[in-house]
Amino acid sequence: MSEPENVPPDVDLDKASPARLYDYFLGGKDNYPIDREAAERIRAVVPELEDIAWANRGFLQRAVHRLAALGIRQFIDVGAGLPTQNNTHQVAQAVDPAARVLYADNDPMVLAHARALLAGSPDTAAITADLREPEELLGQPAVRELIDFTQPVALLLVAVLHFIGDEDDPRGLIGRYLDALPPGSYLALSHGTADHQAPQALRAIDGVYSKATANAFFRTRDEITGFFDGLELLPPHEGSAPGVAFSGDWGADNPESSDNDGSRWVYCGVARVP
């Protein structure tokens, strides 16, 4: 596999990166030997690695499409990761070409590649920012120029909160973001879980991410559901009760066929701000 060209400044080639690992899981090319070696150590114990990544990716796409169908025309995708096929702006703008999408990530490689992808794409922007600094992220000029905070916004926190430890108060961070959004906005969130997973698989993942640029912190279904406290959770499927679901199941045409080992590594949900 050829190496990415024009490595951006501040990219650490001595540590695996969650964004580059995810890119590799999805079959991308924007990763380095350190990332591929780390990923293969996980795959040796977690053979469903690609299924985990693609199930999560499918949730993102289905959630964005549903929100756009509900009339949401503004999206803030925090922890967006490296660009791949059918990104947030492509899904949203397929519903309405005027939909606006702001991508944010703290990995300098993400910004470089996102800007190249978004060149010439209307109503999109990408910034470098840290999820743990909501006011600074939302206050950046590019955000204020693109997003109208008097109108509903979809906040996307997809496969990013499991890189935030309890010491950084993930629930409090969500609250600070939502405080900036008007009623009628939405939160779409997915999060890795250790529920019912084999100890050796969890050790393999921890062994990689504890040495990467960000560690991973899996949480239980109850903890992940708690991130939606005070919000109005949508049903994952027509006729189902509101709540969280496994990533492959949420919004799937056939939930039974979408259930697989990879899907059960991630819980997700979408909720309205009252």
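In this text, all values refer to a predicted model and were calculated from it rather than measured experimentally.

### Thoughts on the overall build of the chain
Per the secondary structure count, the chain includes 11 helices and 8 strands. The C-alpha atoms of the chain give 18 Å as radius of gyration, which agrees with the globular expectation for 274 residues (19 Å, within 12%). Along the first, second and third principal axes, the C-alpha atoms of the chain reach 45 × 45 × 35 Å. Counting across all 274 residues of the chain, residues that qualify as buried make up 55%. Sequence separation of at least 24 residues holds for 71% of the intrachain contacts in the chain that already meet a minimum separation of 6. Here the chain has roughly 12100 Å² of accessible surface; of this, 50% comes from carbon and sulfur atoms. Charge centroids of the chain, computed over 22 positive and 41 negative side chains, lie 0 Å from each other.

### Some words on the packing of aromatic side chains
Tallying each qualifying case throughout the model produces 4 aromatic pairs. Ring centres 5.7 Å apart and planes at 40° place the aromatic pair phenylalanine 163 and tyrosine 209 in the tilted group. With phenylalanine 163 in the loop between β4 (154-158) and α8 (170-179) and tyrosine 209 in helix α9 (residues 199-209), this pair connects stretches of sequence that are 46 residues apart. Stacked on the ring of tryptophan 250, the Lys or Arg arginine 66 has its end atom at 4.2 Å from the ring centre.

### Regarding the pairing of strand β2 (residues 100-105)
Burial analysis of β2 places 5 of its 6 residues in the buried class, which makes it a mostly covered element. Alignment of strand β1 (residues 74-78) against β2, held across 5 bridges, turns out to be parallel. Across the sheet, aspartate 77 pairs through a bridge with tyrosine 103, a residue of β2. Looking at chain direction, β2 and strand β3 (residues 124-128) are connected through 5 bridges and run parallel. Directly across from alanine 104, in β3, lies its bridge partner isoleucine 127. This β-α-β element, β2 to helix α5 (residues 108-118) to β3, shows right-handed connectivity.

### Overview of the environment of proline 33
In this fold, proline 33 is placed in helix α2 (residues 33-43). Once the C-alpha coordinates of proline 33 and lysine 15 are considered, the two residues, 18 residues apart in sequence, prove to be 9.9 Å apart.

### Concerning unusual backbone geometry
Phi at aspartate 123 is positive, roughly 60°, even though this residue is not glycine. By the secondary structure assignment, aspartate 123 is in the loop between α5 and β3. Unlike most non-glycine residues, aspartate 169 shows phi in positive territory, near 55°. Take aspartate 169: it is sitting in the loop between β4 and α8.

### Let's talk about the nonpolar core
Core analysis: the largest hydrophobic core is formed by 37 residues, its most contacted members being Ile76, Leu102, Leu155, Leu157 and Leu187. Ranked by residues supplied to this core, first place goes to α8 with 4 residues. Beyond its immediate chain neighbours, meaning those up to four positions away, isoleucine 76 contacts Leu102, Leu138, Ile147, Phe149, Val153, Ala154, Leu155 and Leu156. Counting residues in hydrophobic clusters, the runner-up holds 29 residues, among them Val91, Ala126, Ala159 and Val270.

### Looking at the pattern of salt bridges
Going through the model one piece at a time under the given rule, you end up with 12 salt bridges. With a closest N to O distance of 2.3 Å, glutamate 50 and arginine 43 form a salt bridge. Glutamate 50 gets classed as partly exposed once you look at its relative accessible area, which sits at 25%. Take arginine 43: its relative accessible area is 23%, and that puts it in the partly exposed class. Among the salt bridges present, the one from arginine 176 reaches glutamate 135, with a minimum N-O distance of 2.7 Å. Pair noted here: arginine 176 is in helix α8 and glutamate 135 is in helix α6 (residues 134-139), with a separation of 41 residues, a long-range link. Note on glutamate 135: relative accessible area 48%, which makes it partly exposed. In this structure, a network of salt bridges that share partners links the residues Glu40, Arg43 and Glu50.

Cut-offs used in this document
As a convention, each chain's residues are numbered from 1 in the sequence order in which they are written. Note on the predicted model: pLDDT of at least 70 is required for a residue's local features to be given, and 80 or more for side-chain atom pairs to be given and counted; whole-chain, interface and lining totals, by contrast, use all residues. Water and hydrogen atoms play no part in the side-chain values, which are based on all heavy atoms of the structure. Only DSSP runs of H or I covering at least 4 residues are called helices, and only runs of E covering at least 2 are called strands; the numbering of each starts at the N terminus. C-alpha atoms define the radius of gyration in this analysis, and the globule rule sets the expected value at 2.2 Å times the number of residues to the power 0.38. The buried label applies to any residue whose accessible area, calculated with a 1.4 Å probe on protein chains only, is under 20% of its type's maximum; exposed applies above 50%, and partly exposed to all values in between. Any two residues whose heavy atoms approach within 4.5 Å are treated as being in contact. Only the protein chains shown count as cover for residues, and the accessible areas themselves come from Shrake-Rupley with a 1.4 Å probe. When charges are counted, Lys and Arg contribute as positive and Asp and Glu as negative, whereas His and the chain ends are disregarded. For this purpose, a charge sits on NZ of Lys, CZ of Arg, CG of Asp or CD of Glu. Any pair of Phe, Tyr and Trp rings, taking the six-membered ring for Trp, is counted once the centres come within 6.5 Å. Such a pair is stacked with planes under 30 degrees apart, edge-to-face with planes over 60 apart, and tilted for the rest. A positively charged side chain is recorded as over a ring if its NZ (Lys) or CZ (Arg) lies within 6 Å of the ring centre. The angle to the ring normal must also be within 35 degrees. What makes two strands pair is DSSP finding at least two bridges between them. With the strands aimed away from the viewer, a crossover counts as right-handed if its path from the first strand over the helix to the second runs clockwise. Remark: nonpolar core denotes a set of buried residues (Ala, Val, Leu, Ile, Met, Phe, Trp, Tyr, Cys) joined through side-chain atoms within 4.5 Å. Salt bridge criterion: a side-chain nitrogen from Lys or Arg within 4 Å of a carboxyl oxygen from Asp or Glu.

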